[in-house]
Amino acid sequence: MKSATLAYLLHAFFHGWLTQQRNVSPHTIKSYRDTWRLFLLFVADCKHRAVSGLALEDLTSKEVLAFLQHGEQERKITIGTRNCRLAAIRSFFRFAADHEPSAVAQCAGVLRIPTKRAPTAEVNFLDSEEITAILGQPDRSTIEGQRDHALLALLYNTGARIQEALELSPRAVRFRSPAQVTLFGKGRKERACPIWPETADLLTALLKRQPRPDDQPIFVNRYGEPLGAAGVRFKLRGYIRIAERCTPSLAKKHVTPHTFRHSMGVAMVAAGVDITVIRSLLGHVSLDMTNHYARANLETKRQALEKVDTSTRPSKPPRWKRDPDLLAWLNSL
């Protein structure tokens, strides 16, 4: 095959298949693009040639496995990121197998590469005291502080993913009672989330101070450009450092914008909200994801344990077993 075949297939995959036929979200396009950019640069470097000189036959399962291993060992990516990159590569080779019959065997080799299982970590979440401490840090007398306070409050109130919140426009907000916002999640799935009157007031005040067109994002930077997730993470780290002074427990936690989503999920479980309602509010595909929150809150587990019939609990051990000092036990008789 000629190198042009690879260029043609990639162009058809991104512009024809992903964009026009599958209508995937811009975030998926960017994620797949970044993966392929890294993959092509990696293979070109290994083969000591330019990216333009690569052909489809140069991209075998051997190169894919080497790329994934390089990512984990050298770039220190997580298993989750590794699996996301593999998904982007496999999606292309699934497409290529349908459009380039001569490469079916090569594509099958790549498609047989399995995803890697990762250990399931405990959900990282914030309690009410920690949430309050963080929300109290932005200087609301400034437009930047008012924006940050409203954004963090919205993240917690709705359990929105950071990009869902950053894309929120005025027309997607119902300010009058019952207040709600319309969010667009993964796979372009739309969901309505109720918001507290206090959150609606924060958004109203922000728009009054910094008006935005109905179809443009509410949260913007100092130049009027849409705020990026990286900028939010940077600002949040600064607020966390200050909040740690009054709430030391924050120093032991890795807090990101997504932590607010986890925190709302755990808080709703603790409040006794039905798990299917939490799933709908957070936009989870399956209940398996939502069930993580049910397993996360130790206090909820403790309260559940306390409801068990006390008669079935083991009795206390004899005093002599609890008292290591034999003479003290004898003296007490």
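Residues numbered from 1 in each chain as written. Predicted model: local features only at pLDDT ≥ 70, side-chain atom pairs only at ≥ 80, totals over all residues. Heavy atoms only, no water.

Asker: Teacher, can you tell me more about the pairing of strand E2 (residues 180-184) here?
Answerer: Side chains on a regular strand alternate between the two faces of the sheet. Where strand E1 (residues 173-174) and E2 come together, 2 bridges link them in antiparallel fashion. Note on E2: the bridge partner recorded for Val173 is Val181. Between E1 and E2, which pair antiparallel one after the other, the connecting turn spans 5 residues. Pairing of E2 with strand E3 (residues 190-194) involves 5 bridges; the strand directions are antiparallel. (Pairing = 2+ DSSP bridges. Helix = DSSP H or I, 4+ residues; strand = E, 2+ residues; numbered from the N terminus.)

Asker: Looking at this structure, I do not really get the sheet that holds E2. What am I missing?
Answerer: Sheet strands pair by backbone hydrogen bonding; their relative direction is either parallel or antiparallel. Ordered in space as E1-E2-E3, the 3 strands form an open sheet in which the pairing is antiparallel. At either end of the open sheet lies a strand with only one pairing partner, and these are E1 and E3.

Asker: Quick question: what am I supposed to make of the side chain of Ser91 here?
Answerer: Among the secondary structure elements, Ser91 is positioned in helix H4 (residues 79-99). Judged by relative accessible area, Ser91 falls into the buried class, the value being 7%. Ignoring anything within four residues of it in the chain, the contact list for Ser91 reads Phe13, Arg22 and Tyr32. (Buried < 20%, exposed > 50% of the residue type's maximum accessible area, 1.4 Å probe, protein only. Contact = heavy atoms within 4.5 Å.)

Asker: Please clarify how the side chain of Gln146 should be interpreted in this entry.
Answerer: Within the secondary structure layout, Gln146 lies in helix H7 (residues 143-158). Exposure remark for Gln146: the relative accessible area of 14% places this residue in the buried category. When residues no more than four places from it in sequence are discounted, the contact partners of Gln146 are Asp139, Arg140, Ala205, Leu206 and Arg209.

Asker: Sorry if this is basic, but what is going on with the packing of aromatic side chains here?
Answerer: Geometry of an aromatic ring pair is reported as the spacing of the ring centres plus the angle between the planes. Counted under the stated rule, the structure contains 12 aromatic pairs. The interplanar angle of 80° and the centroid separation of 5.2 Å between the aromatic rings of Phe13 and Phe14 together place this pair among those described as edge-to-face. The same class applies to Phe13 as to Phe14, namely buried. Both rings, one in Phe42 and one in Phe67, keep their centres 5.8 Å apart while their planes meet at 55°; by these two values the pair is tilted. Placement of the pair is Phe42 in helix H2 (residues 26-47) and Phe67 in helix H3 (residues 61-73), with a sequence separation of 25 residues. Using a relative accessible area of 5% as the deciding quantity, one classes Phe67 as buried. Site record: aromatic cluster; members linked through ring pairs are Phe13, Phe14, Trp17, Tyr32, Trp36, Phe39, Phe42, Phe67, Phe92, Phe93 and Phe95. Cation over ring: Lys253 sits above Phe125, and NZ or CZ is 5.6 Å from the ring centre. (Phe/Tyr/Trp six-rings, centres within 6.5 Å; stacked < 30°, edge-to-face > 60°. Lys NZ or Arg CZ within 6 Å of the ring centre and 35° of its normal.)

Asker: Help me out: how do you make sense of helix H12 (residues 275-282) in this one?
Answerer: Listed as buried for H12 are Ile278, Leu281 and Leu282. Considered in projection along H12, the buried side chains sweep an arc of 85° and stay on one side of the axis. Just beyond H12, the residue with positive phi is Gly283, at close to 75°. (Arc of directions from axis to C-beta.)

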